Amino acid sequence: MEPSSNLLKHTTSNPVVRALLDRFHDRVRQEVEAIGPSATLDVGCGEGFVLQALGPAAGEHVHACDLSEAAVAACRSAVPGVEAQVASATDLPYDDDQFDTVICLEVLEHLEDPAVAVRELARVSRGHLVLSVPWEPWFQLGNLARGKYLSRLGNHPEHIQRWSPGGFRRMLMGTGAVGPVQVHTSFPWTIAVTTPSA
């Protein structure tokens, strides 16, 4: 089952985690600013924290979706003007080529078949995809260091897929849905920027 994006349920008091999240958001914002979209879709938007971090960089027309009705309601409240709805990353209710930029952060690792979602993300984008997943094995080791999920050796119980940066690039390219993939890291996350294939 595809969960709500849970990256940013971070009312954390841990200063290290907070600093890592802030640095991650800064890197995502830099990537989106470089694209300069007018219409952005956030798939797996959670409560809207990523869109808040993006601010004006997301463009004039901002859409969002998530499986969780509660998350969608929170996103609507947190991000003025966002058009948010309940939807799955594997069956998006949007037109082909509708958005300049589609972002999907910390969602693909939860999916049984992430390639289906990647094809959907590419279908609705006329420009760029900005995607992120945990950078393994560092994400798992970081959890261990924090004393999280010890019985699973630090592996998050909802993470079905595990990728290194190179493995994530290979998975994306293997879908046939995207062009060249630029991979960046913001410890402990991998960020990929790509475009739909022609």
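Presented here is an overview of the structure given in this document. (Residues numbered from 1 in each chain as written. Predicted model: local features only at pLDDT ≥ 70, side-chain atom pairs only at ≥ 80, totals over all residues. Heavy atoms only, no water.)

## A word on the pairing of strand 6 (residues 182-186)
One ladder, built from five bridges, connects strand 6 with strand 7 (residues 189-194); its direction is antiparallel. Among the inter-strand pairings, V183 is bridged to a residue of strand 7, identified as A192. Remark: two residues form the turn of the hairpin made by strand 6 and strand 7, two consecutive strands paired antiparallel. (Pairing = 2+ DSSP bridges. Helix = DSSP H or I, 4+ residues; strand = E, 2+ residues; numbered from the N terminus.)

## Quick word on the sheet that holds strand 7
With mixed pairing, seven strands are arranged side by side in an open sheet as 3-2-1-4-5-7-6. Bordering the open sheet on either side are strand 3 (83-86) and strand 6, each of which pairs with just one other strand. Sheet twist, expressed as the average angle between the axes of neighbouring strands with direction ignored, equals 15 degrees. Against the sheet, helix 3 (residues 69-78) makes contact with strand 2 (61-66) and strand 3, and its axis sits at roughly 175 degrees relative to strand 3, the strand it touches most. (Axes fitted to C-alpha atoms, helices over the stretch in contact; angles between N-to-C directions. Contact = heavy atoms within 4.5 Å.)

## Observations concerning the environment of E31
Following the sequence through the fold, E31 ends up in helix 1 (residues 15-35). Separated by 12 residues in the primary sequence, E31 and V43 have C-alpha atoms spaced 16 Å apart. Each residue touching E31, except ones within four places of it in the same chain, is listed here: H184 and V193.

## Describing the packing of aromatic side chains
Following the criterion strictly, the structure yields five aromatic pairs and no others. Judged by centre distance (5.3 Å) and plane angle (45 degrees), the ring pair of W163 and F168 falls under tilted. Taking relative accessible area as the criterion, F168 reaches 0% and is therefore assigned buried. An aromatic cluster is defined as three or more aromatic residues linked by ring pairs; in this entry it consists of F24, F139 and W189. (Phe/Tyr/Trp six-rings, centres within 6.5 Å; stacked < 30°, edge-to-face > 60°. Buried < 20%, exposed > 50% of the residue type's maximum accessible area, 1.4 Å probe, protein only.)

## Overview of the state of the cysteines
Here the structure, examined in full by the defined rule, presents zero disulfides. Unpaired in this structure, C45 has its nearest cysteine sulfur neighbour in C75, at a distance of 4.0 Å. (Disulfide = S-S within 2.5 Å.)

## Let's talk about the nonpolar core
Ranked by internal contacts, the top residues of the largest apolar core, which has 30 residues, are V43, L108, F168 and L172. Those elements that place two or more of their residues in this core are strand 1 (39-43), strand 4 (99-105), helix 4 (114-124), strand 5 (125-134) and helix 6 (165-174). Residues in contact with L108, not counting those within four places in the same chain, are P114, A117, V118, L131, V133, Q161, W163, F168 and M171. (Core = buried A, V, L, I, M, F, W, Y, C linked by side-chain atoms within 4.5 Å.)

## Things to note about helix 1
Taking 1.5 Å per residue as the helical rise, helix 1 with its 21 residues ought to reach 30 Å, and the 30 Å between its terminal C-alpha atoms agrees with that figure. All of the buried residues in helix 1 are V17, L20, L21, F24, H25, V28, E31 and V32. The buried side chains of helix 1 occupy one side of the element, clustering within an arc of 135 degrees when seen end-on. When the buried face of helix 1 is taken as reference, the exposed residues oriented beyond 90 degrees from it are P15, V16 and A34. Of the residues one or two after helix 1, G36 is the one with positive phi, at around 70 degrees. (Expected span 1.5 Å × (residues − 1). Arc of directions from axis to C-beta.)

## Details of helix 4
When you tally the buried positions in helix 4, you get eight out of 11 residues, the bulk of the element. Within helix 4, the full set of buried residues consists of P114, A115, A117, V118, E120, L121, A122 and V124. On the buried face of helix 4, the contacting elements are strand 1, strand 4, strand 5 and helix 6.

## Examining the pattern of salt bridges
Tallied over the full model, the rule gives seven salt bridges. Notably, a salt bridge pairs R18 with D22, separated by 2.8 Å at the nearest N-O pair. In this pair, R18 and D22 both sit in helix 1, four residues apart, roughly one turn of the helix. Residue classification places D22 among the partly exposed residues on the basis of a relative accessible area of 36%. With its nearest N and O atoms 2.7 Å apart, the salt bridge here joins D96 to R123. Of this pair, D96 sits in the loop between strand 3 and strand 4 while R123 sits in helix 4, and the two are 27 residues apart along the sequence. What emerges from the salt-bridge pattern is a single network uniting D96, E120 and R123. (Salt bridge = Lys/Arg side-chain N within 4 Å of Asp/Glu carboxyl O.)

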